[in-house]
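Summary of the model geometry
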Amino acid sequence: MTIKDRGPNQTDARFRIEGQVQFEEQDGKAEDLGVKVLVADRFGEPLGDADVDREGRFSVALRLAKPTDVQLFIGPGLNAADVRHTSSFSQRYSIKDWVATENGAVIRATPVVPQSLWWPWRPVRICVTGHVRKIDDHEGQVDICPVPFVKIEIFDVDREGCFWPPIRNWWDVLVDRPVVRIPDLLKPRRFPVKPFPVPDPAPDLRLDLGAPGRMASLNPQPLPPRAKSLTSLADIDRHAVNAVPAPVAFEAVQRVGEARLLDTSIASRLDRLTLTSTVAPWLIFPRCFYSRELLCETYTDCDGYFRCCFRWWPIHFRNGRLRFDSRPDIIVRLTQIINGVQTVIYMDPYTSTRWNVTNTHLDLYLDNEDVRCGQGCKPPPTGTPVFFTRIGHDEVYQINQASGLYSDTVLSQMAYGRGLDVFGLFGDALASGAPARYYRLSYKKQGQADSAFKFVDADLNDTRVDKSSYLSTGHKLGPYPVNGTNALYEVRNRTDYYWYNPDWIGYWNTVPVEAGSDTYVLRLEMFDENGVYLDTASGQVDYRDGTVAPPATLPAVADHCDLVITIDNQPAELDLDIPAVLNDCGVIPWHPALVLNFNVSVTQPSNRLYTWALDYTKGVSPTVTSLLPSPAFSNSGALSPVNTTVSGASLLAGLSSTCAFAVKLSAYAHIRNGYGLVYYSEIIIALAIEKCVPCPECGPIAIL
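Quick look at the structure, then. This is a predicted model, so every value here is computed, not measured.

In this section: the overall build of the protein chain. Within the protein chain, the regular secondary structure consists of ten helices and 50 strands. In the protein chain, which comprises 704 residues, the share counted as buried stands at 49%. Across the protein chain, contacts joining residues at least 24 apart in sequence account for 74% of those joining residues at least 6 apart. By element, 52% of the accessible surface of the protein chain is carried by carbon and sulfur atoms, the whole surface being about 34,000 Å².

A few words now on the sheet that holds strand E47 (residues 642-647). Sheet architecture is open: three strands sit in the order E41-E43-E47, paired in antiparallel fashion. The open sheet terminates on both sides in strands that have one partner only, identified here as strand E41 (573-577) and E47. On average, each strand axis in the sheet is inclined to that of its neighbour by 15 degrees, with strand direction left out of account. Of the strand pairs in this sheet, E41 and strand E43 (residues 597-603) are connected by five bridges, and their pairing is antiparallel. Each residue of the ladder has a partner; that of Leu576, found in E43, is Val600.

Among the nonpolar cores identified, the biggest contains 41 residues, and Val386, Phe388, Ile391, Tyr439, Trp508 and Met526 are the most heavily contacted of them. Among the elements of the structure, strand E25 (385-391), strand E28 (419-426), strand E29 (438-445), strand E35 (497-499), strand E36 (504-509), strand E37 (517-527) and strand E40 (561-568) are those that each provide at least two residues to this core. Residue contacts for Val386: discarding those within four places in its chain leaves Leu425, Phe426, Leu430, Leu524, Met526, Val541, Asp542, Tyr543, Arg544 and Cys561.

Per the stated rule, a full pass over the model turns up 20 aromatic pairs. When the ring of Phe155 is compared with that of Trp282, the centres are 5.4 Å apart and the planes differ by 55 degrees; the resulting orientation is tilted. Here Trp282 lies in helix H9 (residues 281-284) and Phe155 lies in strand E13 (residues 151-159), a separation of 127 residues in the sequence. This pair shows no difference in class: Phe155 is buried, exactly as Trp282 is.

Following the criterion strictly, the structure yields five disulfides and no others. Each sulfur of the disulfide joining Cys162 and Cys288 lies 1.4 Å from the other. Given an S-S torsion of about -80 degrees, the disulfide between Cys162 and Cys288 has left-handed geometry. With Cys162 in the loop between E13 and helix H3 (164-169) and Cys288 in the loop between H9 and strand E17 (289-299), this residue pair connects regions lying 126 residues apart in the sequence. Comparing Cys162 with Cys288, the two get one shared label, buried. In the protein chain, the bonded cysteines, numbered by position in the sequence, are linked as 1-8, 2-9, 3-4, 5-7, 6-10.

Attention now goes to the sheet that holds strand E6 (residues 70-76). On the basis of which strands lie adjacent, the open sheet formed by four strands has the order E4-E3-E6-E7 and antiparallel pairing. Every other strand in the sheet has two partners, leaving strand E4 (46-51) and strand E7 (89-93) as the edge strands with one partner each. On average, each strand axis in the sheet is inclined to that of its neighbour by 20 degrees, with strand direction left out of account. Bridging between E6 and E7 involves five bridges; their strand directions are antiparallel. Along E7, the bridge assignment pairs Val70 with Tyr93.

Definitions and cut-offs
Counting restarts for each chain: residues are numbered from 1 in the order of the written sequence. Local features in this predicted model are restricted to residues whose pLDDT is 70 or higher, and side-chain atom pairs enter the listing and the counts only when it is 80 or higher, whereas totals over whole chains, interfaces and linings include all residues. Values shown for side chains rest on all heavy atoms present in the structure; no hydrogens or waters enter the calculation. Helix and strand labels come from DSSP, where a helix needs a run of H or I of at least four residues and a strand needs a run of E of at least two; each type is numbered from the N terminus. To sort residues, take the accessible area from a 1.4 Å probe on protein chains only and compare it with the maximum for the residue type: under 20% means buried, over 50% means exposed, and anything in between is partly exposed. Contacts are residue-level and defined by heavy atoms, with any inter-residue pair within 4.5 Å sufficient. In these tables, accessible area is a Shrake-Rupley quantity obtained with a 1.4 Å probe, and a residue counts as shielded only by the protein chains included in the view. By this definition, two strands are paired if DSSP reports at least two bridges between them. Lines fitted to C-alpha atoms define the axes here, with helix axes fitted over just the stretch in contact, and angles between the N-to-C directions of these axes take values from 0 to 180 degrees. Buried Ala, Val, Leu, Ile, Met, Phe, Trp, Tyr and Cys residues that are joined via side-chain atoms within 4.5 Å together make up what is termed a nonpolar core. A pair of Phe, Tyr and Trp rings is counted when the ring centres sit within 6.5 Å of each other, with Trp represented by its six-membered ring. The angle between the planes then sorts it: under 30 degrees is stacked, over 60 is edge-to-face, the rest tilted. Put simply, a disulfide is two cysteine sulfurs that come within 2.5 Å.

This is the structure:
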């Protein structure tokens, strides 16, 4: 045949190799294997590549000037150029296999890939689910809140165990912790490390990370250890035919990395730990990470949950190397953008990842101050109902409406104090944004006339997410004057926006309101778009009593919602007297008949005392020892007043020389803010027991 030559580096559809790949004993579609085709000349120079379609067909346009001998490579992978290096299948075609066409020439190929070769190429479907939460400090109380509506990216990384040495170094501090920041983890430890519980998976691991500058420097990416790479068919064959080989005794849930080698008693206490950083871990440890690949991306929902599924090839190419990896090694990147300001957090579940065959659930925690969290979904009820739901985390039906005091299955008769987050719900007909609706919160002492109501007027801001553009912005809800009606708050438009805190309706700072203790009525009222009060007779609002416990239907109430709540802003008052102390320096001379007692007085003006304690520390020892024979607490707060004498004999036991002590009297009032106890009091007294070491006996006096 006679064919006109073309330039040597041009791709021309006139020179093609096309056909259909046959997979021996394959029942499914070829696309499930993610197969690529690469054509090269006799010296391995790539001439063209293409995907194999779901029926196994392919067509590759070649960079040829004229027909020549070619090689056809077939294999899995995202980059067809990688197929050539360690392909599991190849076939040669000579110049005799070319068939002339009207405009050029074509090779029609029907390669048959043996089952023993294509079986390991099969992908598996992997789903990564997770829950992202923030450890937040709420007025001195630890709160755990979901992080909603943020972008989640799942990365697979190849790495060494560079995080294990610092985890091992701080293991006693990290157990039972939900989160630690990587920069804190890498700090040197000033005191000796406690012995690591056996079995120790890597007792002698010493990685040469160099100076901090080298850790984050730019340098050539190293090759992974050969023992962890598959570079030949023999390597593949040793991993059997299954894409995800099952261990001999497969547990329902398997830990990974060093965690799988730990004793269960220690591994289980690291199952919640998340390592976090604002800098990518592969920039912190560039010598430890060989590669990374973005697997999928998704978003958290209103409760902070996410789900991301993808196809995973246990046999795959990465950086030109054929690898076997039954499951990805996951690092999560979180991106939150509010008001155009981007916050990025990398989360590494290094010790907390556990797999159930091809699925894993990641409980991820962070404590970054710049990340905003929310209260969860809180869907609006249907229609026009309005009612209180919570004070902090406390359901309002747990607040006795006769006394205004909180009770649950353990605690009872507990008052409220300090700043209170007030929560409530509005029906979807009131939260549509068209027309606008407003509400007002006010308070008075129980028994006063309605004219005594005063407005709650603290600023209320929330973060909202546009449902069409997914842009997040901060939004002030109030208070606003509307046509002369003061202190109104906007009902959230839940038709057009998602909200971080959809049921948070106000903040009531009770400290300037009540310095002592009294019972108050907190009132919720509705207003229309013109600031006109909406009573029950208007037919536009269905006021309900949220203090009725489920599953009962909330009863209707007239014209407004009221919540009776007792406020107490008085901490416990403490006094500690030590009769044996003879001077202001706190020195107690020791003698054989010494009696050491502590006279304790703990009172709370309203007789609301939850617990008190008397403890001491000796010298520079961090050990805290209680002086009480048993813990002193009352779930009903009925401890006050306390006037008692506590023996300090344990301070004298075994005393062989002068020693210093710190004695602490502490107490919690029986008062909460919806998240926990709020009024803590303590006094600390330093004292020393002076006991001189006996002088040695004098020897005989020599007479000269």
